[in-house]
Amino acid sequence: MKLTMQHKMKDWDVLKTVCGLDEKFVEKVKAFDVPKKILGKKVKQTAYIQLQHIISAWDIKTEEDLHKWTAKAFGISNIKKCPIIDFIRLTIAFSDVAGEAGKLFMDLRRECKDSDLKTKLEELKTKHKSSILAEIMIASQGAYTQQQAAELPWMFAYDILERQTLEYDKSVIQSEEMEKKSKRNGRTKSA
């Protein structure tokens, strides 16, 4: 069976079984470009997806949730009218960018080298992914409320946290260098 632009998402429940039998279905859909317009509305670039939608994507467990959050992320109000190929291509793009964003945010984490201190600090860490919103509020020195932080494009939010992490890294490096100099000066004077 070949899908065309005439096949709409309203038919997906019936067609997904047939499409699921085609092992290369996802590869075939990935071959299409991410649509520039859907239902006559311009599709935003993935870098401009709101942070709150990216955070929500990290907890998606069902296809229904994936479709719901894809629609929210791209501002689509009526999924059922969307061409299947376009919408499935958007879900793949959304899933990919959410995974990429997750890796980028995880790369900003800094681990303590002292195992005893690391254990104590681990107890203080929050387990909620939405704490990223509070981090942005802190990093922006109150320029954003939690709601405004949630609505930021995820790439912009990442840039804020990356900048904060770089500042932290600089302070750690400077502290370590000062400690090394202090130890060298202490040994030189006592020798």
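Preceding this paragraph is the structure being described.
Model, not experiment: these values are computed from the prediction. (Residues numbered from 1 in each chain as written. Predicted model: local features only at pLDDT ≥ 70, side-chain atom pairs only at ≥ 80, totals over all residues. Heavy atoms only, no water.)

Caption draft 1: Here's a closer look at the packing of aromatic side chains. Per the counting criterion, the structure on display carries 3 aromatic pairs. Taken together, a centroid distance of 6.0 Å and an interplanar angle of 70° make the contact between Trp58 and Phe105 edge-to-face. With a gap of 47 residues between them, Trp58 in the loop between helix H3 (51-57) and helix H4 (63-74) and Phe105 in helix H5 (residues 84-107) connect regions that are remote in the sequence. Taking the centre distance of 5.5 Å and the plane angle of 85° together, the rings of Phe105 and Tyr158 count as edge-to-face. Of this pair, Phe105 sits in helix H5 while Tyr158 is found in helix H9 (residues 154-190), placing the two residues 53 residues apart along the sequence. With respect to burial, Phe105 and Tyr158 carry one shared label: buried. (Phe/Tyr/Trp six-rings, centres within 6.5 Å; stacked < 30°, edge-to-face > 60°. Helix = DSSP H or I, 4+ residues; strand = E, 2+ residues; numbered from the N terminus. Buried < 20%, exposed > 50% of the residue type's maximum accessible area, 1.4 Å probe, protein only.)

Caption draft 2: Molecular detail of the pattern of salt bridges. Enumeration over the complete set of coordinates arrives at 4 salt bridges. In this structure, Lys170 engages Glu167 in a salt bridge whose closest nitrogen and oxygen atoms are separated by 3.5 Å. Of this pair, Lys170 and Glu167 are both found in helix H9, 3 residues apart, which corresponds to roughly one turn of the helix. You can call Glu167 partly exposed: its relative accessible area is 36%. In this structure, the salt-bridge partner of Lys180 is Glu177, at a minimum N-O distance of 3.7 Å. Taken together, the residues Lys180 and Glu177, both in helix H9 and 3 residues apart, mark about one turn of the helix. When salt bridges with common partners are traced through the structure, they connect Arg163, Glu167 and Lys170 into a single cluster. (Salt bridge = Lys/Arg side-chain N within 4 Å of Asp/Glu carboxyl O.)

Caption draft 3: Up close: the packing of H4 against H5. Two numbers describe how H4 lies on H5: the axes approach to 9 Å, and their chain directions differ by 85°. The pairing of H4 with H5 is recorded here as roughly perpendicular in orientation. Packed against H4, whose contacting residues are Leu66, His67, Trp69, Thr70, Ala71, Ala73 and Phe74, the element H5 presents Phe87, Ile88, Leu90, Thr91 and Phe94 at the interface. Looking at side-chain class alone, the contact of H4 with H5 contains 9 nonpolar, 3 polar and no charged residues. (Axes fitted to C-alpha atoms, helices over the stretch in contact; angles between N-to-C directions. Parallel < 35°, antiparallel > 145°, perpendicular 65-115°, else oblique. Contact = heavy atoms within 4.5 Å. Nonpolar A, V, L, I, M, F, W, Y, C, P; charged D, E, K, R; others polar.)

Caption draft 4: Structural context of the environment of Leu108. Its location among the elements puts Leu108 in the loop between H5 and helix H6 (115-124). Take Leu108: its relative accessible area is 13%, and that puts it in the buried class.

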